[in-house]
Amino acid sequence: MLTIKNLSKSFGGVHAVQDVSFTVKEGNIHSVIGPNGAGKTTLFNLITGVYTPTRGEILLNGENVAAMPPDALARRGMSRTFQNLQVCMNMTAIDNVMVGAHLRLNQNLFASMLRLPSVRRADAACRDEAAQLMEFVGVGRHVDDEAGQMSYGALKRLEIARALAAKPKVLLLDEPAAGLNHTETGEIEALIRKVAQSGVTVVLVEHDMKLVMNLSDHILVLDYGKKLAEGTAAEVRANPDVVAAYLGVAA
Amino acid sequence: MTNFFTRSRHGGLLVLALVLAILPLFLTNAFYYDVAIRIALNAIVVIGLNLLMGYTGQISLGHAGFYGLGAYASAVLTTHYNWPPLAALAAGAVATGLLALLLARPVLKLKGHTLAMATLGLGIIISIVINNETQWTGGPDGIGVSAFSVAGLEIAGEKSWYLVCAVLLMLVTWLALNLIDSPVGRALQAIHGSEVAARVVGVDTTRFKVRVFVLSAVIASIAGSISAHYIGFITPNLAGFFHSIELVTMVVVGGMASVFGSIIGAALLTILPQLLSSFEGWETVVFGVILMATMIFMPKGLVPSLASRSRKRASTPKAPAKPAQEV
Amino acid sequence: MEVAQFLQFLYSGMTVGSAYALAALGFTIIYNTSGVINFAQGEFIMLGGMLAAVMSAAGVPLPLAIFLAVIATGLVGLLMEKTVIEPAQNAQVITLLIITIGASLVLRGLVQIWLGKDTHSLPAFSGDTSIQFLGASLLPQSLWVLGVTIIIVLVLGWFFGRTLMGKAMLATSHNKLAAQLVGINTRRVLLFSFGLSALLGAAGGILVAPITYTSYDAGIMLGLKGFVAAVLGGLGGGAGAIAGGLILGIAEAMTAGYISSAYKDAVPFVLILLILFFLPQGLFGAKNSERV
C-alpha cells in the first residue's frame, strides 16, 4: 500500500530524516514512535505532502507521490489529522465533516449558486453521511453544534470523522492521543481499531506507548532521524537498542 | 436546534421579500426612495465583498476600485460611444473580471496585512487612473451617464428603479445563500478556518480563492454600472479609498460571514451619512467610532453576534466541557 | 542641464523620502512590538504639522510650537493605544487593522471639524532662499528634513541599543512571550511604542509642512506611502525603513520629473504591488517559513 524508500529530509545542516525505508501493508495499523526530535513529525509531513523530500521515494499504491501537494494526495486516497487540531472553528461541526467529502462533490461555482437539483441531492446525501460518521466516531450528539462549542477530545474525533469523510484508503493520524486523559485515550484506541476494521490502512505517530503497543500490527522506531528498529510490538519491546534509547529500563 | 440565519434560507429570503414588498408603503417621497435604492445597491456590493472577506477570510481594502471600473465602463461606453447600456454593463463586468483574474493569483498568495496592502494599492491605482484619464473619464469633474434602457424600455422614476434594485437584491441574496450552503461554500469557509486542513481534504485553495475574488469583483462591477445609470453623474470618488473603507465597514458592522448581515450593514451605513450629510467632519468621526466600537465589542459584527446570543439563550445547558489538557 | 535637473529631482525625492522614512519607522516600530499595522500613523504625521501650524499662526514662537505639537501628538498616540488597542488585545490581525482605520477616521474627522479644510503651513525653519548645491537648488528646509532625520535615526539607534526600554522593545518584537517571561511589561512596551511612533510621525509632519503644506487630509497619502516604504524595507529594522522611505521618495520624484506628475501618486502603489508579488519580504526583511 505505502512504501517509503530511502527517504531523507535536511533543513540546511539539520538532517531531520535520514535514509528511512519501510512498508505499510494494506489494512494494517502501523505506528511510528521515537524520542522527541527523532523526526516523526517531519516524516509525517513528508508523506502527507507538507514538506518536499531532499531524497527518496514515497510509493502510494506503486506511484511515487513524493513532493506532491496535499490536495493531490487527497485525490489519491490519503487523509490525515493534525497534532495541533486544524478544525475550522468558523463552521458547524457537521460542515467540518462535510468538507472532508469535498472531492466527491460538485465543485462548480455556477451549479452551486443556482442550487441545481443534483447539487441539492448530493448535499443532502453528504449531510446524512456526515451525521453517520459523527456517530461512528462518537460525537453524534454534536451534530447541530458549532465547532467552537465542542471540547478538545470531541474535536480530535471530529477531525477523524472529517478525514474519514473522504473515504480514504490510508489514514495518517498525527498524535491522536495528545492532550487526552486516560478515559479519552481508551476511547480513541477503540475508535482507531474500528477504523482499521472497516478496511482503512492506518499509520500513526504517537507517544502513548500503551496505545501503540495495544493497537499496532507493525511498529517503526526512529531515533535521530534514522530507523532504529522495526517489527511487531513484542519484537520492538524486546529490542535492546530500542529499550536503551527510548523505553527506559522498566518498559 | 438549527441556526435560523443559515439553515432556514427560505425563511430569510421570505422575510427579505416581504420587507422589500411592504417598504414602498413607508417611502413617502422621492428622497426616501433614493435612500432605499442606494441601500439595495450597496447591499449587493457588500454581499459580494463579504463572500470574499467574511466567508473566505481574504481582506480587500480596494473593492471600490472594481465598483468604479463598472461604473465608468458603463458611463464612458454609453455616453461617448452610444453603446446599449446592457452591453456596456456586460463589457464592464467582463473587463473587471479579467483584471481580477489576472491579479488574483499573485495577490491572493499574500496574507494578512500584506494582502490588505496589495488590495489597497490596487484600488488606489484604479482611482488614480480614472482621475487622470480626463479625456475619457472627465477626470475629477466627473461624467454624466445616460439613462438605462433595455430594448427601448427606459428605467425612469424612483418606483421603477426601486423595483429593479429590489429584484436584483433578492437575486444576489438567493445566489449567495445557495453558494454558502454548498460544497463550494464550505470549501471557502474551510479556507478561512484552516487553510492547511482545506488543502489536506483536497480543496485547491488557490483556485477557490481566485474564483471568489473574481466573483466578488464582478458583482461589484455590475452594481457599479447600475449605480452609475441610476445616479446619472459619477465622479472618481466612488472608486476611491474612502469608499473602499465604507464597504469594509458595512461588512464588518453587519457581520462577517453573514449574507443578511451584509444587507443590514449596508442599510445602517447608507442611512448614516444621509443623517449627517451637513456635518462632514462628524460623518467621518462617527464612521470611525462605529468601526472601532464594533471591532472591540462585537468583532463578529451585528447579525452574527445577535444570532449567537439568541442561540445561547435558546439552547439547553450543556454538560461542562472536559478541561483541555495541553501537551 | 541634464545633471542639474536630475539632481533637482534627487533632492526633492530625498526630502520627501525622509518624511516617508520617519513614517515608515513609526509603522515598523508598532508592527514589531505588536504585529499591528497602524493605519492611523498618517494622522500622527498630519497632527504634528497641523498643530504646529495652528500654534505658530496664533503667535506661538516656532520652536515652542514645534515642541508642543510633537508632545501633544505623542500623547494622542498613547491615548489611542490605551483606549482602543488595549481593549482589543487578543483580537485577530484584521480586527486590529480595522480598529486603527477607525482611529484614523476619528482623528481626521476631529481635525476637520476643529480646524476646517484649509491648508496650513509652517514657516521654514531657516528661511526660504534656496541654496545652490552641485548645480541644483536645494531648499534650506530640505537640509533640515535630512539633517533632523539623520539625528533621529542616530538617537533611535542609541535608544534601542543602550537603554533598558529600547532593549525591552527589541526583545518584545523578537518574541513577546519570552519577553514577558523575563519580566518585561509588554503592555507598557506597546503603549510606549505607540507614543514613540506618534512622536516620529509628528516630527516628520512638522519637518515637511513648510515645503508641502498641510491640511486635515494630508495624513492619508503620507500614511499610506509611509506604509509602502515600511513594507519596501521589510518591516524589520530601522535601516530598512529608512532605505524604503528614501527609495520611495526618489522613485516618486523621478517619475514626477521624467514621466508624468499626474501619476506620481501611483508610484508607491505600483511599487508595493511589484514588491509584494516578487519580494514579499521586502528588500531587507527575512523570509519566513511556517511550521505546521
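Calculation criteria
Each chain carries its own residue numbering, running from 1 in the written order of its sequence. Following the order in which they are written, the chains are lettered starting with A and the ligands numbered starting with 1. Two thresholds apply to this predicted model, a pLDDT of at least 70 for residue-level local features and 80 or more for giving and counting side-chain atom pairs, whereas whole-chain, interface and lining totals are computed over all residues. Under the DSSP-based scheme used, a helix requires at least four consecutive residues in state H or I and a strand at least two consecutive residues in state E, with every element numbered from the N terminus. In this setup the radius of gyration rests on C-alpha atoms only. A globule is expected at 2.2 Å times the number of residues raised to 0.38. For the exposure call, what matters is how many other C-beta atoms sit within 10 Å of a residue's own: 20 or more marks it buried, 12 or fewer exposed, and in between partly exposed, using C-beta atoms placed from the backbone. This entry defines residue contacts through backbone-placed C-beta atoms, with two residues in contact when those atoms are within 7 Å. Every angle, taken between N-to-C directions, lies between 0 and 180 degrees, and every axis is a line fitted to C-alpha atoms, over only the stretch in contact when it is a helix. Should the near helix be turned anticlockwise from the far one by less than a right angle, the crossing is termed left-handed; should it be turned clockwise, right-handed. The residue classification treats Ala, Val, Leu, Ile, Met, Phe, Trp, Tyr, Cys and Pro as nonpolar and Asp, Glu, Lys and Arg as charged. All others, Gly included, are polar. Here the expected length of a helix is defined as 1.5 Å per residue gap, with one fewer gap than residues. Any two strands are treated as partners once DSSP identifies two or more bridges connecting them.

**Brief notes about the overall build of chain B**
When its secondary structure is counted, chain B shows 14 helices and four strands. Whereas a compact globule of 327 residues would reach a radius of gyration of roughly 20 Å, chain B reaches 20 Å, a difference of no more than 12%. The C-alpha extent of chain B, read off along each of the three principal axes, is 70 × 50 × 40 Å. The buried share of chain B, reckoned over its 327 residues, is 55%. If you take every contact in chain B between residues at least 6 apart in sequence, the share linking residues at least 24 apart comes to 77%.

**Quick word on the packing of helix α3 (residues 63-81) of chain B against helix α4 (residues 85-108) of chain B**
Residue and element names in this part refer to chain B. Two numbers describe how α3 lies on α4: the axes approach to 8 Å, and their chain directions differ by 145 degrees. Here the hand of the crossing between α3 and α4 comes out right-handed. Between α3 and α4, the residues in contact are Phe66, Leu69, Gly70, Ala73, Ser74, Leu77 and Thr78 and Pro85, Ala88, Leu89, Ala91, Gly92, Ala93, Ala95, Thr96 and Ala100, respectively. Residue composition of the contact of α3 with α4, grouped by class: eleven nonpolar, five polar and no charged.

**Observations concerning the interface of chain C and chain B**
How big an interface is tends to be stated in terms of the accessible area lost upon association of its parts. Counting residues at the interface gives 36 residues for chain C, matched by 33 residues for chain B. Residue assignment for the side of chain C that touches chain B shows that the elements contributing at least two residues are α4 (93-115), α9 (218-232) and α11 (266-278) of chain C. Sort the elements by how many residues they give to the side of chain C that touches chain B and α4(C) lands first, with 16 residues. A per-class count over the side of chain C that touches chain B returns 30 nonpolar, four polar and two charged.

**Topic: helix α3 (residues 62-85) of chain C**
Taking 1.5 Å of rise per residue, 24 residues should cover 34 Å, and α3(C) covers 33 Å from first to last C-alpha, within 8% of that figure. Looking at the buried side of α3(C), the elements it contacts are α13 (280-297) of chain B together with α2 (41-57), α4 and α8 (186-212) of chain C.

**Some thoughts on helix α10 (residues 205-231) of chain B**
In an α-helix there are 3.6 residues to a turn, and that puts residues three or four apart on one side. Residue and element names in this part refer to chain B. Across its 27 residues, α10 extends 38 Å between first and last C-alpha, which sits within 8% of the 39 Å expected from 1.5 Å per residue. Most of α10 is tucked away: 21 of the 27 residues are buried. The positive-phi residue at the C-terminal boundary of α10 is Gly232, with phi of around 85 degrees.

**Re unusual backbone geometry**
Residue and element names in this part refer to chain A. Positive phi, close to 50 degrees, is recorded for Lys167, a residue that is not glycine. With respect to the helices and strands, Lys167 occurs in the loop between α6 (152-165) and β7 (170-174). Notably, Glu175 is not glycine yet its phi reads approximately 50 degrees, a positive angle. Along the chain, Glu175 falls in the loop between β7 and α7 (182-197). Judged by local crowding, Glu175 falls into the buried class, with 21 C-beta atoms found within 10 Å.

**Focus: the interface of chain B and chain A**
With 33 residues of chain B at the contact, the number on the chain A side is 38 residues. When contributions to the side of chain B that touches chain A are tallied by element, the ones reaching two or more residues are α7 (158-180), α8 (183-193), α9 (195-200) and α10 of chain B. For the side of chain B that touches chain A, the leading source of residues is α8(B), giving nine residues. For the side of chain B that touches chain A, a count of residues per class yields 17 nonpolar, ten polar and six charged.

**A short note on the environment of B:Ser225**
Residues and elements named next belong to chain B. Secondary-structure assignment places Ser225 in helix α10. It is 18 Å that separates the C-alpha atoms of Ser225 and Ala266, two residues lying 41 residues apart in sequence. In contact with Ser225, other than residues within four places in its own chain, are Gly70, Ala71, Ala73, Ser74, Ala88, Leu89 and Gly92.

**Brief notes about the sheet that holds strand β8 (residues 201-205) of chain A**
Residues and elements named next belong to chain A. With mixed pairing, the six strands of this open sheet are ordered in space as β6-β7-β8-β3-β9-β10. Both edges of this open sheet fall to β6 (78-80) and β10 (226-231), since each of them pairs with a single strand only. Mean inter-strand twist for the sheet, computed between neighbouring axes without regard to direction, equals 20 degrees. As defined by bridge partners, β7 adjoins β8 across five bridges and the pair is classed as parallel. Residue pairing in the sheet places Leu172 in a bridge with Val203 of β8. Against the sheet, helix α1 (residues 40-47) touches β3 (29-33), β7, β8 and β9 (218-223), its axis set at about 150 degrees to β7.

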